[in-house]
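# Overview (structure and organization)
Now for the letters of each chain:
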Amino acid sequence: MAAGRFITFEGGEGTGKSTQVRRLAARLAAAGREVVVTREPGGTPLGEAIRTLILSSRPAVEAEFLLFAAARAEHVDKLIRPALAAGRWVVCDRYSDSTRVYQGVLAGVDRTLIDVVEAATSRAAVPDLTVVLDLPVATGLGRATRRGDLNRYDAESVGYHERIRQGFLDIARADSGRCVVVDGGASEDTVAEAIWSALGARLGVGAS
Ligand code: TYD
């Protein structure tokens, strides 16, 4: 059986990741792919428990980094790798680029440490495609505030969110073979089309 494909979505708050993850998964399923939708932190019972722990408390920077890493190790082992091996397409809301931006760029966790831990936790589960949804910070925060779902990361200053945006753009620039930047400010349909055509161009998914 052909191995599946691994697609991750990254970006700041209010960029529309969750909506576009759902839309892409539906379109892939309609095109005949077996699709698994998941998220980080989360995706497994242990991962979801760690998610609750992280988002409801303020762990020390290193503790938080290791908790995200533990959730990822479990996720890769129990869900992502088995799904890919079974030929499924895994669509994941956030993955290791979020660690590089939030724990690396923002919290200052050492980059070498991040590299070493990432190699151990992701165990070669490198995304085939990473969609970076990009949006001016004011637009993203406005959307999230209207939705009333700012978590404790989201309630930070505008400068903090600018660094998040820039962090993802820097990763996308440095790893342009894996990443595609999509303008999240367009209409939901336009963004979905842009993502679908990126999949066609990068992964050869046929039109449907
Ligand atoms: P979530 O409510 O899912 O945020 P969003 O809707 O913006 O995706 O909360 C996940 C938070 O965890 C988000 O603010 C980013 C953060 N995070 C990290 O700091 N490091 C990581 O490795 C991951 C996966 C997420």
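Up top is the structure these notes are about.
These notes cover the structure that comes with them.

A separate point is the overall build of the chain. Counting its secondary structure elements, the chain contains 8 helices and 5 strands. Starting at the N terminus and ending at the C terminus, the chain contains elements arranged as β-α-β-α-α-β-α-α-β-α-α-β-α. Expected size for 208 residues packed as a compact globule is a radius of gyration near 17 Å; at 16 Å, the chain falls within 12% of this value. Over its C-alpha atoms, taken along the principal directions, the chain stretches across nearly 45 × 35 × 30 Å. Residues counted as buried form 47% of the 208 residues belonging to the chain. For the chain, the share of sequence-separated contacts (at least 6 apart) that also reach a separation of at least 24 residues comes to 77%. Counting every atom, the chain has about 9,600 Å² of accessible surface; 55% of that belongs to carbon and sulfur.

A word on the site of the ligand. If you check the shell around the ligand, you find 15 residues, and the closest are Lys17, Arg51, Arg94, Thr99 and Gln103. The contact in question runs from an oxygen atom of the ligand to an N or O atom on the side chain of Arg72, over 3.3 Å. Within the side chain of Gln103, a nitrogen or oxygen atom sits 2.7 Å from a nitrogen atom of the ligand. Contact with the protein chains hides 90% of the accessible area of the ligand, taken as 550 Å² for the molecule alone. For the shell around the ligand, the secondary-structure elements that each account for two or more residues are helix H2 (45–56), helix H3 (61–85) and helix H4 (96–106). Counted by class, the shell around the ligand contains 5 nonpolar, 4 polar and 6 charged residues.

We now examine the nonpolar core. Ile7, Phe9, Leu24, Leu28, Val131, Ile195 and Leu199 are the most contacted members of the largest nonpolar core, which has 19 residues in total. For this core, the leading source of residues is helix H8 (residues 188–203), giving 6 residues. Other than its neighbours up to four places away in sequence, Ile7 contacts Leu24, Leu28, Trp89, Val90, Val91, Cys92, Leu129, Leu199 and Leu203. Judged by nonpolar contacts, the second largest core, of 11 residues, contains Leu79, Ile80, Leu84 and Ala125.

The rules we used
- Residues numbered from 1 in each chain as written.
- Predicted model: local features only at pLDDT ≥ 70, side-chain atom pairs only at ≥ 80, totals over all residues.
- Heavy atoms only, no water.
- Helix = DSSP H or I, 4+ residues; strand = E, 2+ residues; numbered from the N terminus.
- Rg over C-alpha atoms; globule rule 2.2 N^0.38 Å.
- Buried < 20%, exposed > 50% of the residue type's maximum accessible area, 1.4 Å probe, protein only.
- Contact = heavy atoms within 4.5 Å.
- Areas by Shrake-Rupley, 256 points an atom, 1.4 Å probe, with all protein chains shown as cover.
- Near = heavy atom within 4 Å.
- Polar contact = N/O pair within 3.5 Å; in protein donor to acceptor, adjacent residues only side chain to side chain.
- Nonpolar A, V, L, I, M, F, W, Y, C, P; charged D, E, K, R; others polar.
- Core = buried A, V, L, I, M, F, W, Y, C linked by side-chain atoms within 4.5 Å.

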